[in-house]
Amino acid sequence: MINQIAALGRFGINIVRHYGRAGMMLFQVIYYRPSFRKGFPLLLQQIYAEGVLSLIIIIVSGAFIGMVVALQGYHTLSKFGASQQLGPLVALSVARELGPVVTALLFAGRAGSALAAEIGLMKATDQLSSMEMMAVDPVRRVIAPRFWAGCISMPILTIIFDTVAIYGAFWLGVHWLGMDSGSFWSNMQSAVDFRLDIVNGIIKSMVFGVAITWIALHQGYDAIPTSAGIANATTRTVVYSSLAVLGLDFILTAMMIGAW
Amino acid sequence: MLQTKKTEIGVGLFLLAALAGLIFLSMQVSGLTSIFQRPGYTITADFDDIGQLKIRGSVKIGGVTIGQVSSIAIDPVTYKAVVTLRIDNNVEDIPDDSSASILTAGLLGDNYVAITPLYSKTFFHNGGHIQDTHSAMILEKLIGQFLFSINHGKTDKGNAK
């Protein structure tokens, strides 16, 4: 009996410790900013690794999602004789929901897992502790540039995703379904508000960027330094950050929906 | 060194792509004009009922958009809705006895303000006020009136017999 209670207590303490370490890491990353001159090349390298190299998958999936939404939307809207409203349908659903969420899920799979595996392996091969031996703070040298690069890359990838998806829908609607391009754009422009739709979507993506990189970096930094531990950390990164994205999306939408 | 250069070029192009995307989203998708707002002047109109009229709704003369609704407020004394309309500068000769009405685009479309010009030789200026206004048609009210008039007609006939 007493053993079971102790196990429960240990479980609780471990959870609190875990969150505490994650919070401490985030605090260190945000509070001890590396100097701009020294940190900038590292940041650039990480934006390249996390953002530029994710570009292909974002563009391809953006184009196909835009076209699929246009095709499905046209099919349903034409039943009500409202196919002119295809532009607003695509633009609003992409800018408000699909853009930030799909980009975040792809980002978690493409960049988040790589971050966790990279840092986990650095820890397993004692690179992080040898940095500490050389009086180099691994949080500043390794964690911080990756964190900021993720926070910068996510909104940018979302903007590119939105653009490509809307252009894909335009291409499909005008060149395939034979809609009028003027009414496509003008209906879209009268329905979409820059502040409420586009900017809110970008705010969402910033929140997702912080959440994903934080989870990935913490999972990597806290991984058990074995091959199984790294595998676990990578899996958990993708699962946790996908769940976090979907949960946060619900909360953010509920907060933003009042203005729509 | 070559590797760094390649990285920098890649990130630079990445940021440029983002900027281009943002411009596309603001201009082409959301039709953002408030930053580069065309010069215009504002006139106000008091309506009893504005229905579903919203800010950024369009203002039309003869179906041509000539401006947009810039704000909607309530007059605390008369309890009328005060709608401020921003009219483009190139439409400056609106007679000041014109009437404004709130119409619906199609059966289920958005509401907009239609201005019907009349014959006065003096024109609206900035801060002008439209006297003659017609409220939005509310479908429920119309149905209510219709039902009422049917019932009323029946009872009248009954009395006459």
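**Student:** Break down the interface of chain A and chain B for me, citing the residues and quoting the values.
**Tutor:** Each side of the interface is counted separately: chain A has 24 residues, and chain B has 21 residues. Buried surface at the junction of chain A and chain B, summed over both partners, amounts to about 2000 Å²; 80% is from carbon and sulfur atoms. Mapped by element, the contributors of at least two residues to the side of chain A that touches chain B are helix 2 (36-50), helix 6 (138-176), helix 7 (181-191) and helix 8 (194-221) of chain A. For the side of chain A that touches chain B, the leading source of residues is helix 6 of chain A, giving eight residues. Looking at the side of chain A that touches chain B, its residues break down into 17 nonpolar, five polar and two charged.

**Student:** Would you mind going over the sheet that holds strand 6 (residues 111-116) of chain B in detail, with residue names and values included?
**Tutor:** Residues and elements named next belong to chain B. Spatial ordering of the open sheet is given by 7-1-4-3-2-6-5-8, a layout of eight strands whose pairing is mixed. If you trace the sheet from one side to the other, it starts and ends with strand 7 (128-130) and strand 8 (132-134), each paired once. Strand-to-strand twist in this sheet, taken as the mean axis angle between neighbours without regard to direction, amounts to 30°.

**Student:** Residues and numbers for helix 4 (residues 86-124) of chain A, please.
**Tutor:** An α-helical turn contains 3.6 residues, so a residue and the one three or four places further along point in the same direction. Of all the bends found along helix 4 of chain A, the most pronounced is centred on Val94(A) and spans about 55°. Two residues or fewer past helix 4 of chain A, Asp126(A) is found with a positive phi of approximately 60°.

**Student:** Give me the lowdown on the packing of aromatic side chains, citing residues and values where you can.
**Tutor:** Each aromatic ring pair is described using two quantities: the centre-to-centre distance and the angle formed by the ring planes. Inspection of every chain in the model, using the stated rule, returns seven aromatic pairs over all chains. Ring geometry for Trp185(A) versus Phe24(B): centroids 5.9 Å apart, planes at 85°, classification edge-to-face. In this pair, Trp185(A) sits in helix 7 while Phe24(B) sits in helix 1 (residues 2-29), so the two residues belong to two different chains. For the pair Trp185(A) and Phe24(B), a shared accessibility class is recorded, and that class is buried. Taken together, the ring pairs in this structure connect Tyr167(A), Phe170(A), Phe184(A), Trp185(A) and Phe24(B) into an aromatic cluster. Seen from the ring of Tyr112(B), Lys60(B) lies directly overhead, with NZ or CZ sitting 4.5 Å from the centre.

**Student:** Can you break down the nonpolar core residue by residue, with the values?
**Tutor:** Counting 56 residues, the largest nonpolar core has Ile166(A), Trp185(A), Met188(A), Ile198(A), Phe14(B) and Val29(B) as its most contacted members. Sorting the residues of this core by element identifies helix 2, helix 3 (55-79), helix 4, helix 6, helix 7, helix 8 and helix 9 (227-256) of chain A together with helix 1 of chain B as the ones contributing at least two each. Counting 21 residues, the second largest nonpolar core, distinct from the first, contains Val69(B), Leu85(B), Ile87(B) and Ile94(B).

**Student:** Can you lay out the side chain of Thr103(A) for me, pointing to particular residues and giving the numbers?
**Tutor:** Residue and element names in this part refer to chain A. The residue threonine 103 is located in helix 4 in this model. Engagement of the side chain of threonine 103 in a polar contact is seen with the backbone oxygen of glycine 99, the distance being 2.5 Å. Threonine 103 has contacts with Ile58, Leu98, Met154, Leu157, Thr158 and Phe161, leaving out every residue within four places of it along the chain.

**Student:** Hey, could you go over the pattern of salt bridges for me, with residue numbers and the actual values?
**Tutor:** Evaluated as defined, the whole model comprises nine salt bridges over all chains. Where Arg86(B) meets Asp88(B), a salt bridge forms, and the shortest distance between an N and an O atom there is 3.8 Å. Both residues of the pair, Arg86(B) and Asp88(B), count as buried. Via salt bridges that share partners, Glu97(A), Lys204(A) and Asp249(A) belong to a single interconnected network.

**Student:** Account for the packing of helix 3 of chain A against helix 6 of chain A, with residues named and values stated.
**Tutor:** The packing of two helices is summarised by the inter-axis angle and the distance between the axes. Residue and element names in this part refer to chain A. Contact geometry for helix 3 and helix 6: axes closest at 7 Å, N-to-C directions at 40°. Here helix 3 lies oblique to helix 6, going by the angle between them. As helix 3 runs across helix 6, the sense of the crossing is right-handed. Listed contacts from helix 6 to Leu55, Ile58, Ile59, Ser61, Gly62, Ala63, Ile65, Gly66, Met67, Ala70 and Leu71 of helix 3 are Leu157, Ile160, Phe161, Val164, Ala165, Gly168, Ala169, Trp171 and Leu172. Split by residue class, the contact of helix 3 with helix 6 holds 16 nonpolar, four polar and no charged.

**Student:** Just give me the short version of unusual backbone geometry, but keep the residues and values in it.
**Tutor:** Residue and element names in this part refer to chain A. Despite not being glycine, aspartate 126 has its phi angle at roughly 60°, a positive value. Inspection of the secondary structure assignment puts aspartate 126 in the loop between helix 4 and helix 5 (127-133). Owing to a relative accessible area of 46%, aspartate 126 belongs among the partly exposed residues under this scheme.

**Student:** Report on the confidence of the model for chain B, specifying residues and quantitative values.
**Tutor:** Residue and element names in this part refer to chain B. For chain B, per-residue confidence averages 82 on the pLDDT scale, and residues scoring 70 or more make up 89% of the total. Confidence, read as mean pLDDT per element, is least for helix 2 (residues 139-160) in chain B (75) and greatest for strand 4 (residues 81-88) (89). Overall fold confidence for the complex sits at a pTM of 0.77, while the interface term, ipTM, reaches 0.79.

**Student:** I'd like a description of the environment of Pro145(A), backed by residues and values.
**Tutor:** Residues and elements named next belong to chain A. Assignment of secondary structure puts proline 145 in helix 6. Exposure remark for proline 145: the relative accessible area of 4% places this residue in the buried category. Sequence spacing of proline 145 and valine 174 is 29 residues, and the spatial spacing of their C-alpha atoms is 43 Å. Not counting the four nearest positions on each side in its chain, proline 145 is found in contact with Leu42, Leu43, Gln46 and Arg140.

**Student:** Can you explain the packing of helix 4 of chain A against helix 6 of chain A? Please cite residues and give values.
**Tutor:** Residue and element names in this part refer to chain A. Following both chains from N to C, one finds helix 4 and helix 6 inclined at 145°, their axes separated by 8 Å at the closest point. Crossing of helix 4 over helix 6 shows right-handed handedness. By residue class, the composition of the contact of helix 4 with helix 6 is 21 nonpolar, six polar and three charged.

**Student:** Go over the environment of Val60(A) with me, naming the residues and quoting the values.
**Tutor:** All names here are of chain A. In this structure, valine 60 sits in helix 3. The exposure class assigned to valine 60 is partly exposed, which follows from its relative accessible area of 42%. Separated by 16 residues in sequence, valine 60 and threonine 76 have C-alpha atoms that sit 25 Å apart.

Basis of the calculations
- Residues numbered from 1 in each chain as written.
- Chains lettered and ligands numbered in written order.
- Predicted model: local features only at pLDDT ≥ 70, side-chain atom pairs only at ≥ 80, totals over all residues.
- Heavy atoms only, no water.
- Contact = heavy atoms within 4.5 Å.
- Buried area = accessible area lost by both parts, 1.4 Å probe.
- Helix = DSSP H or I, 4+ residues; strand = E, 2+ residues; numbered from the N terminus.
- Nonpolar A, V, L, I, M, F, W, Y, C, P; charged D, E, K, R; others polar.
- Pairing = 2+ DSSP bridges.
- Axes fitted to C-alpha atoms, helices over the stretch in contact; angles between N-to-C directions.
- Bend = angle between axes of the 7 residues up to and from the residue.
- Phe/Tyr/Trp six-rings, centres within 6.5 Å; stacked < 30°, edge-to-face > 60°.
- Buried < 20%, exposed > 50% of the residue type's maximum accessible area, 1.4 Å probe, protein only.
- Lys NZ or Arg CZ within 6 Å of the ring centre and 35° of its normal.
- Core = buried A, V, L, I, M, F, W, Y, C linked by side-chain atoms within 4.5 Å.
- Polar contact = N/O pair within 3.5 Å; in protein donor to acceptor, adjacent residues only side chain to side chain.
- Salt bridge = Lys/Arg side-chain N within 4 Å of Asp/Glu carboxyl O.
- Parallel < 35°, antiparallel > 145°, perpendicular 65-115°, else oblique.
- Left-handed = near helix turned anticlockwise from the far one by under 90°.
- pLDDT = per-residue confidence, 0-100.

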